[in-house]
Structures are given as C-alpha cells and as structure tokens.
Amino acid sequence: KACMDPVITSFLSVWGYEEMYHGEAFLRFLRSYGVKIDDDRPAEIRLSEGLHRASSVMTVLFGSYLLPFFPAVYLTIGATNEMTTLTGYQQLIKRANHPVLTRMVQRIIKQERAHYAFYRSQAERLMSDSAAARAAVRYVMTRRFRAVGEGIKSVNDVDQLAAYLFGG
C-alpha cells in the first residue's frame, strides 16, 4: 500500500539516494585514514544475511499488501531509526572531537532530520486515522522492534556502540 502512495515513494527515492551517499562519505573518510574496506562490502553483507534478508523483504511486501495498517508500522520504525541515527551522530561528534568528521556528520544530520520529520509526520497521519494502525504500531514497537544495525551486527556489537556513544 505504501508503494502506491506517490508522496511516500517520492520520499523513499530521495531517501535511498541520500543514504547511499552517507555511506560513500563514511567510506571515503575511513579510507583516508587507511582503513581497508572492500568495494564489495555492501554485497557481502546482503549475501551474509541469507534467508533472514529474504524473509524480511517478503514480510514487508506481503505485510504492505495484506495489512492496511502496515505503512504506519513501517513509517514509525523509519522515524525511530532516523532519530536514533541522528542522535548517535550527534554523540559521535562529541566523542570523536574530529574537525573533518564533525563537518561531514553535521551535513548528514541535516538530512537525517528531514528523513525523521517525514517518517514521523506520515506515521502520525496514518495512525490518527486508524485504531488498528495504532495498536499494530504499539505491538511492533514493544514486542518486535530491533535497533537499527541489529542483524548486520550482533546484538553485542550494537550494545557496545550504544554504550560508547551514550555511556554516562
């Protein structure tokens, strides 16, 4: 259902483009410091996820088609992930205290704020119209939600990152 909404699909086109270039910016930054990162890393990550990735894609496709409230769930998860990401970037700036990284991340944060605002406003719109959407969002966020990065990284890795960025 979300893919039939021209506002959402237009946003997701821009979002995908911007997120790709966020990754490219971090790649260039890390490589400039001698960190070796394989050009095939994104493909390797996707392949390593195996059936989990296929299952996730199928869940989104069928969920969106079969459940009228699914876009509200998807957009709420998107808003949560964007807010988590931009807050993490703000903490990275404080922890790293690196002038080049700070400028780069400040630019990315501006886009992440716009992403968050879109996801949130669309999720609110859909939930205001539907008690089923509100119930589904509450269920997913309290019982099924996973932090951004879980699945690609272990829960322990995600926890260590959170402790580094938000510790104290």
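Residues numbered from 1 in each chain as written. Predicted model: local features only at pLDDT ≥ 70, side-chain atom pairs only at ≥ 80, totals over all residues. Heavy atoms only, no water.

Moving on: the pattern of salt bridges. Going through the model one piece at a time under the given rule, you end up with three salt bridges. The residue Asp5 makes a salt bridge to Arg125 at a minimum N-O spacing of 3.5 Å. Of this pair, Asp5 sits in the segment before helix H1 (6–32) while Arg125 sits in helix H4 (residues 99–128), and the two are 120 residues apart along the sequence. Residue Arg31 pairs with Asp39 through a salt bridge whose shortest N-O separation is 2.7 Å. You can call Asp39 exposed: its relative accessible area is 63%. (Salt bridge = Lys/Arg side-chain N within 4 Å of Asp/Glu carboxyl O. Helix = DSSP H or I, 4+ residues; strand = E, 2+ residues; numbered from the N terminus. Buried < 20%, exposed > 50% of the residue type's maximum accessible area, 1.4 Å probe, protein only.)

Take unusual backbone geometry next. With phi around 50°, Asn97 is a residue other than glycine that occupies positive phi space. Mapping Asn97 onto the fold places it in the loop between helix H3 (70–96) and H4. Among the residues examined, Asn97 registers a relative accessible area of 65% and is labelled exposed.

All right, on to a nonpolar patch on the surface then. On the surface, a cluster of nonpolar side chains totalling about 710 Å² of accessible area is made up of Val57, Met58, Leu61, Phe62, Tyr65, Leu66 and Leu67. Take Phe62: it is sitting in helix H2 (residues 41–66). (Patch = residues over 30% accessible without salt bridge, like charges linked within 9 Å, V, L, I, M, F, W, Y side chains within 5 Å. Areas by Shrake-Rupley, 256 points an atom, 1.4 Å probe, with all protein chains shown as cover.)

This brings us to the packing of aromatic side chains. Under the counting rule described, the total for this entry stands at six aromatic pairs. Over the ring of Tyr164 we find Arg95, and its NZ or CZ is 5.8 Å from the ring centre. (Phe/Tyr/Trp six-rings, centres within 6.5 Å; stacked < 30°, edge-to-face > 60°. Lys NZ or Arg CZ within 6 Å of the ring centre and 35° of its normal.)

Moving on, we get to the packing of H3 against H4. Between two packed helices, the angle of one axis relative to the other and the distance separating the axes together describe the packing. The contact between H3 and H4 brings their axes to 8 Å, and the two run at 155°. Between H3 and H4, the angle is such that the two are roughly antiparallel. In the packing of H3 onto H4, the handedness of the crossing is left-handed. Looking at the contact of H3 with H4, its residues break down into 20 nonpolar, eight polar and four charged. (Axes fitted to C-alpha atoms, helices over the stretch in contact; angles between N-to-C directions. Parallel < 35°, antiparallel > 145°, perpendicular 65-115°, else oblique. Left-handed = near helix turned anticlockwise from the far one by under 90°. Nonpolar A, V, L, I, M, F, W, Y, C, P; charged D, E, K, R; others polar.)

Nothing here speaks to function; it is all geometry.
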